[in-house]
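Close look at the chain arrangement
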Amino acid sequence: ALYELYFEALREGHAGQAIDLDGLEAFVGPALETGDFATLEQRVLAIHRLKTAAPAGALARMGALAGGGSKTQIEAVGRYFDALGLAFQIVDDVLNLRGFAGGLKQTAEDIMHGKVTLPVVRAFSQLTPGERARLWALVARRSEDTAEAVALIEKAGALDSCLADARTLVEDAWTALTPLVDDSLAKVMLRAFGWYVLERHY
């Protein structure tokens, strides 16, 4: 069972990285034409799930299995770390645009690389058609001048919306997990780690 989980984590992580490297640029044009961004958002979230959430969940299930957890406990721990992994990537997308503490990464690096991230897609769904077209033009040209693109994304409320989604993911998963495990220092640490993922600035 441990080996199955281990290889599942490897397969999903590699698939997510491959899709991420390939990019989602080809899907933006059709979404802009139709005004339907739900599928594009699902594609972004699928990459996040494969790259980070699925491996984190699989590794957490391995730990719960090795620790003698019941099937219900193993799955709940796994789902909590699925949520943490997805929330981590969502927060990372936001920090990329608002800036990492200490200048750990270059602000708006994703825009400079023409990357289709969750905040960009969420902004598309809230902006006017003209603003959407302008935002995509700014992202697609991969300019180092990112201020206008970031301003449009902020104007749409996309960053706060993404952070709210991340918090809901973690809180819902914790609500499902907490009654299934006894109170302990380890449980406190799991809860604290969830808060760290949501509140981190680097």
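What comes next is a walk through the structure. (Residues numbered from 1 in each chain as written. Predicted model: local features only at pLDDT ≥ 70, side-chain atom pairs only at ≥ 80, totals over all residues. Heavy atoms only, no water.)

1. Notes on the overall build of the chain
What the chain contains, in helices and strands, is 10 helices and zero strands. Along the chain, from the amino end to the carboxyl end, the secondary structure elements read α-α-α-α-α-α-α-α-α-α. For the chain, whose C-alpha radius of gyration is 18 Å, the value lies close to the compact-globule estimate of 17 Å for 202 residues. Structurally, the chain occupies a C-alpha span of about 55 × 30 × 30 Å along its principal axes. Within the chain, buried positions represent 45% of all 202 residues. Look at the contacts in the chain between residues 6 or more apart in sequence, and 72% of them connect residues 24 or more apart. Here the chain displays about 10,400 Å² of accessible surface, and carbon together with sulfur accounts for 58% of that area. Looking at the chain, you have 20 positive and 27 negative side-chain charges, and the mean spots of the two groups are 1 Å apart. (Helix = DSSP H or I, 4+ residues; strand = E, 2+ residues; numbered from the N terminus. Rg over C-alpha atoms; globule rule 2.2 N^0.38 Å. Buried < 20%, exposed > 50% of the residue type's maximum accessible area, 1.4 Å probe, protein only. Contact = heavy atoms within 4.5 Å. Areas by Shrake-Rupley, 256 points an atom, 1.4 Å probe, with all protein chains shown as cover. Lys, Arg positive; Asp, Glu negative; His and termini not counted. Charge placed at Lys NZ, Arg CZ, Asp CG, Glu CD.)

2. Describing the layout of surface pockets
The computed volume of the largest pocket comes to approximately 390 Å³. Asp-20, Lys-51, Asp-110, Lys-115 and Thr-117 are the residues nearest the centre of the largest pocket, which is lined by 22 residues in total. Listing elements by their share of the lining of the largest pocket, those giving two or more residues are helix H1 (2-22), helix H3 (38-66), helix H4 (71-98) and helix H5 (109-112). Taken together, the residues that form the lining of the largest pocket break down as six nonpolar, six polar and 10 charged. Here the second largest pocket defines a volume of roughly 290 Å³. (1 Å grid on protein atoms, 1.4 Å probe; cavity = no way out; pocket = protein on both sides within 12 Å on 5 of 7 lines; lining within 4 Å. Points joined across faces, edges and corners; volume = space filled by probe spheres on them. Nonpolar A, V, L, I, M, F, W, Y, C, P; charged D, E, K, R; others polar.)

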